[in-house]
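# Coordinate analysis (summary)
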Amino acid sequence: MVTTDPQIPTKHGAEALLDAAEQLFLERGYANVSMQQIAEAAGFTKGATYYHFQSKEDLYLAVSKRLITNLRDQLLAPFDEPGTFEEQLRKSIRAVRGAFGGNMQRWWSDAAVVISDQAKATFIVDTLGVADPSQILTPVFRRAQEQGVIRNVSPEAAARIYTGLVTAGLDHEKRRWLPNDHAEQEDERAIDEIVTVFLHGVQGVPPDASNRQ
């Protein structure tokens, strides 16, 4: 077990607490985890835990920021990898699906209740640097526009549309009731639909801008 002087705030100490808290919050849920349990899991005294974080809510907020930052990195990483834009979109959606599977659903439900309205007002901006989470994808779609892949819509609008399709198209609750092999098939079917609608529209052919009113 890690032993740390509770009077010496260290990066290692804070990270150890975040690691322990993240695991416990995801496994048990916010209401079923105490600061004492987090301290013991990290190898700290309870007093040392409060030295690094003022409250359980404060620690939960720090964990949430780390989870959201990790999700952002997983979402964006495929767009820096080789492959066509369509292949990159598919990889990105799979990353989101994986990130929000399992115990992450418990965090998502807890966050809506635990994070105060005041904290929510600045949480996304402080964590992602944008007020609208979808806009972290704007640079991706701006590059796609410059390459001629995205047409007839601004990068900002493309980011909002794509995020909406991904959010609505991956039914995690339905997936929980399916056998594993069927769940994977359902995921791939949903990904096909999302990418097809996003890139080609429901008619399957991008509209001719010259015919638009």
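Worth saying up front: this structure is predicted, and the values here are computed from it rather than measured. (Residues numbered from 1 in each chain as written. Predicted model: local features only at pLDDT ≥ 70, side-chain atom pairs only at ≥ 80, totals over all residues. Heavy atoms only, no water.)

Helix and strand content of the protein: 11 helices and 0 strands. What you see in the protein, going N to C, is helices and strands ordered as α-α-α-α-α-α-α-α-α-α-α. Counting over 213 residues, the protein shows a buried share of 38%. Long-range pairs, those at least 24 residues apart, make up 66% of the contacts in the protein between residues at least 6 apart in sequence. Carbon and sulfur atoms make up 52% of the accessible area of the protein, which amounts to about 12200 Å² in all. (Helix = DSSP H or I, 4+ residues; strand = E, 2+ residues; numbered from the N terminus. Buried < 20%, exposed > 50% of the residue type's maximum accessible area, 1.4 Å probe, protein only. Contact = heavy atoms within 4.5 Å. Areas by Shrake-Rupley, 256 points an atom, 1.4 Å probe, with all protein chains shown as cover.)

With 53 residues, the main nonpolar core has I38, F85, L89, L137, F141 and F198 as its most contacted residues. Per-element accounting of this core gives the leading share, 8 residues, to helix α1 (residues 11-28). When residues no more than four places from it in sequence are discounted, the contact partners of F141 are F85, L89, I150, P155, A158, A159, Y162 and F198. (Core = buried A, V, L, I, M, F, W, Y, C linked by side-chain atoms within 4.5 Å.)

The next subject is the side chain of T127. Relative to the helices and strands, T127 is located in helix α7 (residues 117-128). Here the side chain of T127 touches F123 through a polar contact of 2.7 Å, landing on its backbone oxygen. Sequence-distant contacts of T127, defined by excluding residues within four places in its chain, comprise K65, I68, T69 and R72. (Polar contact = N/O pair within 3.5 Å; in protein donor to acceptor, adjacent residues only side chain to side chain.)

Enumeration over the complete set of coordinates arrives at 10 salt bridges. Note that R66 is salt-bridged to E22, the shortest N-O span being 2.9 Å. Remark: E22 occurs in helix α1 and R66 occurs in helix α4 (residues 56-76); sequence separation between them is 44 residues. Judged by relative accessible area, which is 24%, R66 ranks as partly exposed. In this structure, the salt-bridge partner of E81 is K91, at a minimum N-O distance of 3.4 Å. You can see E81 sitting in the loop between α4 and α5 (85-99) and its partner K91 sitting in helix α5, a full 10 residues away along the chain. For E81, a relative accessible area of 34% puts it in the partly exposed group. Its relative accessible area of 35% is what places K91 among the partly exposed residues. The network of salt bridges with shared partners includes E15, D19, E22 and R66. (Salt bridge = Lys/Arg side-chain N within 4 Å of Asp/Glu carboxyl O.)

Below, the discussion takes up the packing of α4 against helix α6 (residues 104-114). For the pair α4 and α6, the least separation of the axes is 11 Å and the interaxial angle reads 130°. By the criterion of interaxial angle, the relationship of α4 to α6 is oblique. For the crossing formed where α4 meets α6, the hand is left-handed. For the pair formed by α4 and α6, the contact residues are Y60, S64, L67 and I68 on the first element and M104, W107, D110, A111 and V114 on the second. Across the contact of α4 with α6, the residue classes tally to 7 nonpolar, 1 polar and 1 charged. (Axes fitted to C-alpha atoms, helices over the stretch in contact; angles between N-to-C directions. Parallel < 35°, antiparallel > 145°, perpendicular 65-115°, else oblique. Left-handed = near helix turned anticlockwise from the far one by under 90°. Nonpolar A, V, L, I, M, F, W, Y, C, P; charged D, E, K, R; others polar.)

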